[in-house]
Amino acid sequence: MSPTSPASSSDGASPVGRTGPRNPPSTRRLTTAQALVAFLARQYTERDGRRHRLISATWGIFGHGNVAGIGQALVEVGNGRRNSEGTRNGDGTRNGDSHGNRTRPRMPYLQGRNEQAMVHAAVGYARQSGRLSAHAVTTSIGPGATNLVTGAALATINHLPVLLLPGDTFATRPADPVLQQLEVPYAGDVSVNDCLRPVSRYFDRVTRPEALIPAALQAMRVLADPAETGAVTLALPQDVQAEAYDWPDEFFAERVWRVRRPAPDTAELEAAVRAVRSARRPLIVAGGGVRHSGAEETLAAFTAATRIPVASTQAGKGALRHDHPADVGGIGHTGTATADELARTADLVIGVGTRYTDFTTASGTLFENPAVRFLNLNITGFDAHKLAALPLVADARTGLEALTSALAGRGYRIDPAYETEYTGAKEAWEEQVEASFTTPDPTARPTQTQVLGLLDTLVTEEDILINAAGSLPGDLHKLWRTRSRDQYHVEYGYSCMGYEIPAAIGVLLATEAQGHEGRPVWALVGDGTYLMNPTEIVTAVQENLPLRLLILQNHGYASIGGLSEAVGGERLGTAYRHRDPDGGFTGPPLPVDLAANAASLGMRVLRASTVDDLRKALAEARGADGPTCVYVETETPDTVSGPPPAQAWWDVPVAETASRPAAVTAREEYDRRVAARRHHL
C-alpha cells in the first residue's frame, strides 16, 4: 500500500532546465527516537473520504532500554493525553508546537502498569476505531520486551493493528552482555526481541539511524493494510535510539495511507452468483471482517433481498441486531440451537470475513450435509480458500454490494418455507434465553446467566461489553442480545485471560476520540481472569476513565473445570480452595477478597450478594462518572438451572489409555464424536 504525501520543497532547488550544482536538501538533526516520534505524528489513514490519525498515542513503561530514547523523545514533543490531533491544548491553542518554521503535532503518552496489558489496551482501541487508528507501545529491553509477546499474538490472530517499540541491546556492543541481555552462543545478533518475530506481521531491528526510514514506512504499510494488519515490531537498540542523524525533511511529510476496499474479480463473482442461485438452504456465517469493513448495513441489505439467515462467530456477533429477522445467533460449539441446526442441513455456507476456527466448525463436525459447499468472501486469499471454498476475495462491504447487485436482476430469494422454519426456531430459542435470564427469587444468589439477564434489562445500544475468557464467552455467544454493531466485544481469537480490563480502557479512549464520551463500557471478568491482570485499574483511576468492572466470583476456573470433568481430568487444579488432608483442593474456598483488592487500587466498589442487590448495583454503576466495580458471588449451575448446554462438539483430545473410570468413559464419548469429523474437499 503506497501513501500519498505532499511534495516537499528543498531549499534552493534548481528549476527545470537550470544547470549547476543543487543545494543540499533540507534536513533536521534529531535522534532516531525523536525522528520516529515526529514521523509517527504525521501518519494518517483514510477510508471512504474520512481521515484518521494512524498512531494516535503511545503507551510506555520506561527502563534503561528506552528511557533516554523514546521516553526523551516523547518529552520533547509534548505528551498530554488530550493533546492529540483535532483537540485543543490547555491554553486554548491547537495541538502542535512550533519548531522554527515547522509545526510538530504532539504525541500523547499513556502510562501503563504491565507491558502485556498495554498491548491489550492498544488492541481494544484499534478494534473500537475500526482498525483505522492504532496505538504504539514502548518498553525497555529484557522482560519488558518479552512481556509484549502474548499481546502481540492476540493482535495478530485477531488482525488488529498495534505498533510495538521494544528497546533492544546495544547495536555497537560496547559492553557485552549488558543488563537483561540474553546471550545466544551461536548467534551474536539475536536478542529476546526475536521472540516477537512469529507473532508479528512485520518485524525489523533498526541497527542504524538511517535504517529507520525504510523500516518505518514498511511498518505503516502493514498497519494500514486490511489484509495484512496485526502486530508490527520495530526493535530499537538503546544506543541507536539516542544517536543523532540528519534526517531529510521529506521523511516528516504528512502521509495518508489509504485503506483500500478491493472489489471482487468478475469471474469469481459470477461463480459466487451461480452458487447462491443454486442453493436451497444457504446460510451466512458472519465473521469479524463484517465489522472491520463496516459492512453491517450492506449485510442487512443483502439479507433483505435474499432472506438468507445469518449466523455469527464471536468476532461477527452484532453484524445484525439480535432482533433482526434474519439473525439466528452464534454458530458452533458456543452457538445457538437455531444456527447449529441450520448449519447441519445447509447446502451452501457463505462465510463473510471469517477464518473458520474450530469453535465455528465444531472441530469439523458441524456442516453435515453431504452436498454442502462453501463460498467465502474474505479480503485475504488465505481465508477465502478455506474448506475448499469458492473464493470471493474482496472487502466485505464491496463484495456484498457486488453480490447483492448481481443477484438483484435474477430474482433470487430463498423458499418461504425455509424462512418460516428458521424464524420459528429462533422464537423457540428465545424462550430458552428468557428462561436462563429469569431471576424468580430476588433474595437468592444469582447464577452467571442470571447476572447477564439483569445486565440485559439495563443496557441500551450505547453500552459496550468486553470479555475474552472463561465460561462467559460461551454464555454471551449463545444468549446475549446484541443491540448495536459495536456492543459485543469478545476477544475469542486468542481468548486471553486478562484482556478485559485494559481493553476496556482502550475502548474508552477510542469512544472519547470519536466524540462519544459517556458510552458505558463494561469489563466482565471472573475471579480467575481478574487475578491474571488487574493492574490497569490503576490506569483507569489515574485517567479518571468511567470503567464499569463486573467481577463474578465463582472460586476458580469454571469453564476449564467443566471441560476437565468432561474429558476425564476430574477438575484437577481448577478450584481456588485450600488443600484437604489427602493433598487435593477440596477444602474451603480461599479467603480472597477481590472487591477489597479493586478498592485498594482506587476503584469505587459496590458489593452485591442477592439478585435484588445486583440489580441496584448495576444501575448505580452504569450511571457513575468514574471507575466503578460491581462484585458478586455467583451460584453454581449445579444447584439451579444454568444456560442451555453446548449445541455442537469441540475437540479436546482425551487420554487413549487410562485406569480411572472418568477418563475411560470420556474416551468412549470422544471416539463416538470424532468419528463424525469430515474434511471438506
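Please refer to the structure higher up on the page.
So, how was this worked out
- Residues numbered from 1 in each chain as written.
- Predicted model: local features only at pLDDT ≥ 70, side-chain atom pairs only at ≥ 80, totals over all residues.
- Heavy atoms only, no water.
- Pairing = 2+ DSSP bridges.
- Helix = DSSP H or I, 4+ residues; strand = E, 2+ residues; numbered from the N terminus.
- Axes fitted to C-alpha atoms, helices over the stretch in contact; angles between N-to-C directions.
- Contact = heavy atoms within 4.5 Å.
- Buried < 20%, exposed > 50% of the residue type's maximum accessible area, 1.4 Å probe, protein only.
- Right-handed = clockwise from strand over helix to strand, strands pointing away.
- Parallel < 35°, antiparallel > 145°, perpendicular 65-115°, else oblique.
- Left-handed = near helix turned anticlockwise from the far one by under 90°.

Student: Would you mind showing me how to read the sheet that holds strand E2 (residues 43-47) here?
Tutor: Across a sheet, strands are paired by hydrogen bonds formed along the backbone, either parallel or antiparallel in direction. Spatially, three strands are ordered E3-E2-E13 in an open sheet, and the strand pairing comes out mixed. The open sheet has two edge strands, strand E3 (50-53) and strand E13 (255-258), and neither has a second partner. Averaged over all pairs of adjacent strands, the angle between strand axes in this sheet comes to 35 degrees, irrespective of strand direction. By the bridge criterion, four bridges tie E2 to E3 in an arrangement that is antiparallel. Within E3, the residue paired with Tyr 44 across the bridge is Arg 53. The sheet contacts of helix H6 (residues 212-224) involve E2 and E13, and relative to E13 the element is tilted by about 35 degrees.

Student: Is there a simple way to explain the pairing of strand E11 (residues 231-237) in this structure?
Tutor: Side-chain direction in a regular strand flips from residue to residue, so the side chains alternate between the two faces of the sheet. When you tally the buried positions in E11, you get seven out of seven residues, the bulk of the element. Residues of E11 alternate between two faces, with Ala 231, Thr 233, Ala 235 and Pro 237 on one and Val 232, Leu 234 and Leu 236 on the opposite face, all of them buried. Pairing between strand E9 (residues 162-168) and E11: five bridges, direction parallel. When the sheet's bridge partners are listed, Val 162 is paired in E11 with Ala 231. Two elements, strand E10 (residues 202-205) and E11, share four bridges in a ladder whose sense is parallel. For Phe 203, the partnering residue across the bridge sits in E11 and is Thr 233. Handedness of the crossover joining E10 and E11 through H6: right-handed.

Student: Before we go on, may I ask you to explain the packing of helix H3 (residues 115-128) against helix H5 (residues 149-157) in this structure?
Tutor: In a packed pair of helices, the relevant descriptors are the angle between the two axes and the axis-to-axis distance. Here H3 crosses H5 at 20 degrees, and the two axes come no closer than 7 Å. With respect to their mutual orientation, H3 and H5 come out roughly parallel. For the pair H3 and H5, the crossing hand works out as right-handed. Here Gln 116, Val 119, His 120 and Val 123 of H3 come into contact with H5, specifically with Thr 150, Gly 151, Ala 152, Leu 154 and Ala 155.

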